[in-house]
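Residues per chain are reported as follows:
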Amino acid sequence: MDQAVHVVCPGCSGVNRVPRTRLEGKPACGLCHAPLFQRRPTVLTGASFDAQVGRSDLPVIVDFWAPWCGPCKMMAPAFERAAAELEPRMRLAKVDTEAEPGLAARFGIRSIPTLVAFRGGKEVARQSGAQDLAGLLSWSRSACGG
């Protein structure tokens, strides 16, 4: 029997059980039928954060950023490419700290960009400062084992 993992839909936040062997096969949400992996960062809000981070069996890398932040803007294309490369082994997501100050406060975000790695809903690693694609891939894989 193939081991199944819980994957949270980036669209509706529904939790889906997906056999590990089908993760690469473009699985769709059982509720809204959207693709579970879009090969781009998922935008998180206060309403979706706990479901996306806490109910997923996949590690989640969250980029806490702001629209006015120059280093955040410089890192955004690399983060986008990292999401395309790392899914479905892990989910990459973004939190706009201007739109979601409660999430920034909850996680003690003092500088941006800050990357936080979560596994099983718990923080396992943190890195502040902009990174290039190679740095993002290396840090994400070491932080989440993927």
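Whatever comes next refers back to the structure up there.
Rules used throughout
Residues numbered from 1 in each chain as written. Predicted model: local features only at pLDDT ≥ 70, side-chain atom pairs only at ≥ 80, totals over all residues. Heavy atoms only, no water. Phe/Tyr/Trp six-rings, centres within 6.5 Å; stacked < 30°, edge-to-face > 60°. Helix = DSSP H or I, 4+ residues; strand = E, 2+ residues; numbered from the N terminus. Buried < 20%, exposed > 50% of the residue type's maximum accessible area, 1.4 Å probe, protein only. Disulfide = S-S within 2.5 Å.

1. Concerning the packing of aromatic side chains
Consideration 1: By the definition in use, this model includes 4 aromatic pairs.
Consideration 2: Between Phe49 and Phe107, the ring centres sit 5.1 Å apart and the planes meet at 45 degrees, which makes this aromatic pair tilted. Linking Phe49 in helix α1 (residues 49-54) with Phe107 in the loop between α3 (101-106) and β6 (114-119), this pair joins segments that are 58 residues apart in sequence.
Consideration 3: Overall, Phe49 belongs to the buried group, its relative accessible area being 2%.
Consideration 4: Residue Phe107 is classed as buried on the basis of its relative accessible area of 15%.
Consideration 5: Members of the aromatic cluster, connected to one another through ring pairs, are Phe49, Phe64, Phe107 and Phe118.

2. What to know about the state of the cysteines
Consideration 1: This model, assessed by the stated rule, comprises 0 disulfides.
Consideration 2: The cysteine Cys9 is free of any disulfide, with Cys32 supplying the nearest cysteine sulfur at 3.6 Å.
Consideration 3: Cys9 gets classed as buried once you look at its relative accessible area, which sits at 0%.

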